[in-house]
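For reference, the chains in residue letters:
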Amino acid sequence: MSTSRTDSVNHLWLHIFLVFMVLVTVYPILWVLTVAFSGQQSLMFVDLPADPSFMDRLRAIMPWPQQVSFQNFIDVFTQQPFGRWLFNSAMVAIATTITGVFLACTAGYAFSRFRFPGRRAGMMSFLISQMFPGTLTLVPLYIIIVEWLHLGSNYLGLILLYSTTAIPFCVWNLKGYFDTIPRELEESALMDGASPVMIFWKIIVPLSKPAIAITALFSFMTAWNEFILALTIMDKESMYTAPIGLKFFVGGFAEQQWGYFSAGSIVAALPVMILFLVLQRFLISGLTAGSVKG
Amino acid sequence: MRTASTRNILAGLIVSLALGMGLTSLVMRAGHDAARIATIESNAVVTSAAVTEVIDEALSSEADVQVVVQELVEAVPGLEQVRVIHAGRRQLTASTNAEDKAAGELPRRLKREQKEWFDQVKELEAAYTTNVDEGKARKREILASVTPDEQLELVLPLFEDGEVKASVQTVNLPLFPSELGRGVGLLGVVLLLGSAVIMLALSRFVPSGLPLFLLGLVLVIAVLWVHAGVGISAIVEDRVVGQESVAERALQVKETIQAVPGVIGESLAITGWNLDQFRQPRDTFDAKGVVATEQVLNDFAVAKGRFVQGAFFLGLISLLFYYWIAAGWAAKTWQALVKYRGAYGFVMPAMVGMILLVFFPFFYGILMSFTNQTLYNVNQPIYELWSGLDNYVKILSDVDVFRTAEDGSRSVNYQSFYWTLGFTILWTVSNVSIGVTLGLLLALILNTPNLAFKPFYRIILILPWAVPNYITALIWKGMFHKQFGVINQVIQMFGGEPIAWFDAWFTSFIAVVATNGWLSFPFMMVVALGALQSIPGDLYEAARVDGAGRWDQFRFVTLPSLKPALVPAVILSVVWTFNMFNIIYLVSQGEPAGATEILITDAYKIAFEQYRYGYAAAYSVVIFMILLVYGVWQNRVTKATEGI
């Protein structure tokens, strides 16, 4: 009894600090919710009188709208092409996930199970490629995709870029998992006359579902949230992805539409935020594992 | 050379010859095409120059130019249309174009949509005066373009008192002799089959291995030599044949013009029409139309040199192939491919993607950094844009961080590379320090035993990591808005003046650091928390038994146990922050005046706002080098401290 009393006294300051940090953390999120549900495009939560008092100012920073309205959510889909942009993002991210995971599975399987000339070199080259800075390849990639292949403002260009940049991480991730699957299963299948392709599809893939799912979700989230490449490649307004579209609402010289931005942000960010929170443990272990190897 | 079996050598011979001769033929075909185009142009220039001369005479003798022009087009075969434009009078003086004639009486004033023709005269005038001033032939004095129906439109200047005042536009049929560009035809096939037969015959007398390999090598070199030699002389021949046809054309034009009634054609000299694009005489034939072969060859010498170089280069590649196949390497590669075809099949799709879209761009980027490639010359071959180390010198010699204005006041040159580098380092160090301090502090607090609401705090404090960072950036940009942003509302709440955050570099810096601090501390917190939880409690107990206080426990137990997890996390977050494009690009946008630009946003702006691709590539290589140096240094330091 006495220990818990001293604990709660000692912890008071810790709780005060933690609550402060929670407020700082949550405020921007409440802010975007407030703007989204305000039904207006303005940055202000309330209309300030000409000579605002302390309480007026306090009301102005309280993250609660004057009236709650879904108008921004309706308008961003009906008045603005945000639905189209979400669709673009989804198309690109889904196609990226499928291609990226397929490429990573096959390569990861080969690196895990076969011994062949060039295996080490191949694996190391994947690792080294992670050290190339994005900017160094950005200009050449732009020239290759837009000037040579004429894939500017095209799903295919972005899908190619995203799936190849995701490959090294996915390959190493999956190879690590494949390494833990006992070989006996495959050996007995080999005895029964199964080909490597069959073994891969019938044994390895079903057994690795959890790892493949994590890899897939990772590729999906990366593609869904990617900004610079999409900004560079997608020129046409109808081909924007959701991030570029959201920047378009508030980044230009035209009138800034904070209401559309906030509503759109919530729609675009909510799924990946939930995914992230569910998957955080796996992602964090993957990240630190990768960094130790790198 | 033990593996240099007869079969390998024969295969090497056939493949390398087929490859070498095939590629050389492609290059030679390009040569023939170039010769044909040159001939078409020369024929058109000769015709056009003749027409211009006649019109010039007609103008000075005040004859009716419209009639002259009409008669010329009717008389001269291959001449489709003529227009005379007088810029000084802003007048369409004469034209054989049906629409022009239908539009009313000639000469008449130029219409607004015909300004292009007026501009052509001005362009020719500018080119002529520049060339005269410089004493060089640098600007084109004959404008050439291809019409949609593949005819050649030329514009030549007309002079009045030694100045360009008017122009003659002609449209010409593409004329070239049929014997141009016949190429080497079946020669390649004959050579290939012949040398294969010779090699087969030789292999009966010469032992396989090195002797046969060397014989094959000699044969490959000889055949490629002959093939390239014949090809190049065919191209040279094309030039001579082309010039002969031009001379013939000039004589034909002269005859037809002289037959036109009312045209003064006595003194026409065909050599005066044989001009290059700078209107300099080419002297490739004399007044009687006899071609001066030596002059033609002289003109072609530089281009010929390029073809020789190309053939030589392709020959070398073929020889490498010969070696690769004949010495048995190809067979070995093939065997490995067959033996491990399963594995290679599995790896190949990913590897091809990586090579094309990761490794190739990387090396291409390095190559680009040595050129002055921009958006406007991106289609030119890269070797023509080579500029050596210019970009690097320009970037690294940009040392004037402080500028002194005329009145003696000093200001910072925010565009300087070193300012940006300094700012990037400041940005990285501040953010990582804030992230580590805050993250570590929160982790230690959350690791306190018996703390209430732990899971609640943890899930809330991890939220900023889950929000996509471009959204975070734009939210904070809104909160830092000068007039409506909540941060200025808080300042005003306590009686302060609103701050224009992005008008001075320091406040702008605070804004971006606040944004980045918000989104980056959870990562450190999670890493540190994980490490803290894995420290066994026995360690603390042992420390307490030894009489260590709380601080000593922290110093000697907690910190060392955190190190293995924190060091990689710090390295990772240094690299992330150094390259944190989205925050700078979206929050401060480099404001004010590029002061808060970090290296990679600067590189991006150079590439995609100034379109200087080569310079941006060099800039990126410099960034890569900085990160590389950091990586090596960090590696050493980590290893050194581990040793202690």
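Residues numbered from 1 in each chain as written. Chains lettered and ligands numbered in written order. Predicted model: local features only at pLDDT ≥ 70, side-chain atom pairs only at ≥ 80, totals over all residues. Heavy atoms only, no water.

### Topic: the overall build of chain A
Within chain A, the secondary structure is distributed over 13 helices and zero strands. With the principal axes as the frame, chain A shows a C-alpha extent of 85 × 70 × 35 Å. Counting every position in chain A, which comprises 294 residues, the buried fraction comes to 53%. Here chain A contributes 16 positively and 15 negatively charged side chains, and the mean placements of these two sets differ by 11 Å. (Helix = DSSP H or I, 4+ residues; strand = E, 2+ residues; numbered from the N terminus. Buried < 20%, exposed > 50% of the residue type's maximum accessible area, 1.4 Å probe, protein only. Lys, Arg positive; Asp, Glu negative; His and termini not counted. Charge placed at Lys NZ, Arg CZ, Asp CG, Glu CD.)

### Quick look at the overall build of chain B
Within chain B, the secondary structure is distributed over 21 helices and eight strands. Whereas a compact globule of 644 residues would reach a radius of gyration of roughly 26 Å, chain B reaches 38 Å, over 25% beyond that. Taking all 644 residues of chain B together, the buried fraction comes to 48%. Of the contacts made within chain B by residues no fewer than 6 positions apart, 63% connect residues no fewer than 24 positions apart. Just so you have it, chain B exposes about 32,000 Å², and 61% of that area is on carbon and sulfur atoms. Side chains of chain B carry 47 positive and 56 negative charges; the gap between the two charge centres is 13 Å. (Rg over C-alpha atoms; globule rule 2.2 N^0.38 Å. Contact = heavy atoms within 4.5 Å. Areas by Shrake-Rupley, 256 points an atom, 1.4 Å probe, with all protein chains shown as cover.)

### So, unusual backbone geometry
All names here are of chain B. The amide bond that connects Leu 106 to the next residue, Pro 107, takes the cis arrangement and shows omega of -10°. Mapped onto the elements of the fold, Pro 107 is located in the loop between helix H3 (98–102) and strand S3 (108–109). Residue Pro 592 is reached from Glu 591 by a cis peptide bond, and omega for that bond is -5°. Topologically, Pro 592 is positioned in the loop between helix H19 (581–588) and helix H20 (599–608). The phi angle at Gln 589 is positive, at roughly 50°, despite the residue not being glycine. The residue Gln 589 is located in the loop between H19 and H20 in this model.

### Describing the interface of chain A and chain B
Contact with chain A, which involves 90 residues of that partner, is made by 86 residues of chain B. Approximately 7,900 Å² of surface area, both sides summed, lies buried where chain A meets chain B, with 82% of it carried by carbon and sulfur atoms. Of all residues in chain A, the largest losses of buried area upon contact with chain B belong to A:Leu18, A:Arg57 and A:Leu136, amounting jointly to 8% of the total for that side. Inspection of the chain A/chain B interface yields zero salt bridges. (Buried area = accessible area lost by both parts, 1.4 Å probe. Salt bridge = Lys/Arg side-chain N within 4 Å of Asp/Glu carboxyl O.)

### With respect to the sheet that holds S3(B)
A sheet is described by the order of its strands in space; here six strands give the open sequence S3-S2-S1-S6-S5-S4 (chain B), paired in antiparallel fashion. One side of each edge strand has no neighbouring strand; the edge strands of this open sheet are S3 and strand S4 (143–146) of chain B. (Pairing = 2+ DSSP bridges.)

### Concerning the packing of H19(B) against H20(B)
The description of two packed helices rests on the angle between their axes and on the distance between the axes. Residue and element names in this part refer to chain B. Axis separation between H19 and H20 bottoms out at 8 Å; the angle between their running directions is 70°. By the angle between their directions, the pair H19 and H20 is classed as roughly perpendicular. H20 is crossed by H19, and the crossing has right-handed handedness. Along its contact with H19, which presents Phe 581, Ile 584 and Tyr 585, the element H20 presents Ile 600, Thr 601, Tyr 604 and Lys 605. (Axes fitted to C-alpha atoms, helices over the stretch in contact; angles between N-to-C directions. Parallel < 35°, antiparallel > 145°, perpendicular 65-115°, else oblique. Left-handed = near helix turned anticlockwise from the far one by under 90°.)

### What to know about a negative patch on the surface
Residues B:Glu179, B:Glu237, B:Glu244 and B:Glu248 make up a contiguous surface patch of negative charge. Inspection of the secondary structure puts B:Glu179 in the loop between strand S6 (163–172) and helix H5 (187–205). (Patch = residues over 30% accessible without salt bridge, like charges linked within 9 Å, V, L, I, M, F, W, Y side chains within 5 Å.)

### Some details on the nonpolar core
Core analysis: the largest hydrophobic core is formed by 187 residues, its most contacted members being A:Trp31 and A:Phe261. For this core, the element with the highest residue contribution is helix H16 (residues 505–533) of chain B, accounting for 16 residues. Judged by nonpolar contacts, the second largest core, of 40 residues, contains B:Val45, B:Ala50, B:Val76 and B:Val84. (Core = buried A, V, L, I, M, F, W, Y, C linked by side-chain atoms within 4.5 Å.)

### Examining the pairing of S4(B)
Residue and element names in this part refer to chain B. Both S4 and strand S5 (residues 152–160) contribute to a ladder of four bridges, which runs antiparallel. Among the inter-strand pairings, Ser 145 is bridged to a residue of S5, identified as Glu 153. Between S4 and S5, which pair antiparallel one after the other, the connecting turn spans five residues, and Glu 150 there sits at a positive phi close to 65°.

### Side note on the packing of H16(B) against helix H18 (residues 550–578) of chain B
Residue and element names in this part refer to chain B. Here H16 crosses H18 at 150°, and the two axes come no closer than 9 Å. Comparing the axis directions of H16 and H18 gives the class roughly antiparallel. Between H16 and H18 the crossing geometry is right-handed. Here Asn 516, Phe 523, Met 524, Val 527, Ala 528, Ala 531 and Leu 532 of H16 come into contact with H18, specifically with Thr 558, Leu 562, Ala 565, Leu 566, Ala 569, Val 570, Leu 572, Ser 573, Trp 576 and Thr 577. A per-class count over the contact of H16 with H18 returns 13 nonpolar, four polar and no charged. (Nonpolar A, V, L, I, M, F, W, Y, C, P; charged D, E, K, R; others polar.)

### Details of the packing of aromatic side chains
For the structure on display, the rule yields 65 aromatic pairs over all chains. With a centroid separation of 6.2 Å and an interplanar angle of 15°, the aromatic rings of A:Phe227 and B:Tyr470 are classed as stacked. Placement of the pair is A:Phe227 in the loop between helix H10 (209–225) and helix H11 (228–233) and B:Tyr470 in helix H14 (residues 469–479), with the two residues belonging to separate chains. Like B:Tyr470, A:Phe227 is buried. Relative to B:Tyr604, the ring of B:Tyr585 lies with its centre 5.7 Å away and its plane at 80°, an arrangement referred to as edge-to-face. Here B:Tyr585 is found in helix H19, whereas its partner B:Tyr604 is found in helix H20, with 19 residues between them in sequence. On the basis of relative accessibility, which here comes to 6%, the residue B:Tyr604 falls in the buried class. Between B:Arg36 and the ring centre of B:Phe176, over which it is positioned, the NZ or CZ distance is 5.4 Å. The residue whose ring lies beneath B:Arg612 is B:Tyr615, and the NZ or CZ to ring-centre distance is 4.2 Å. (Phe/Tyr/Trp six-rings, centres within 6.5 Å; stacked < 30°, edge-to-face > 60°. Lys NZ or Arg CZ within 6 Å of the ring centre and 35° of its normal.)

### Considerations on helix H2 (residues 54–61) of chain A
Burial in H2(A) covers these residues: A:Arg57, A:Ala60 and A:Ile61. Seen along its axis, H2(A) keeps its buried residues to an arc of 90°; they face one direction. (Arc of directions from axis to C-beta.)

### Details of the state of the cysteines
Applying the stated criterion across every chain yields a total of zero disulfides over all chains. A:Cys105 takes part in no disulfide bond, and the closest cysteine sulfur, belonging to A:Cys170, lies 8.9 Å away. (Disulfide = S-S within 2.5 Å.)

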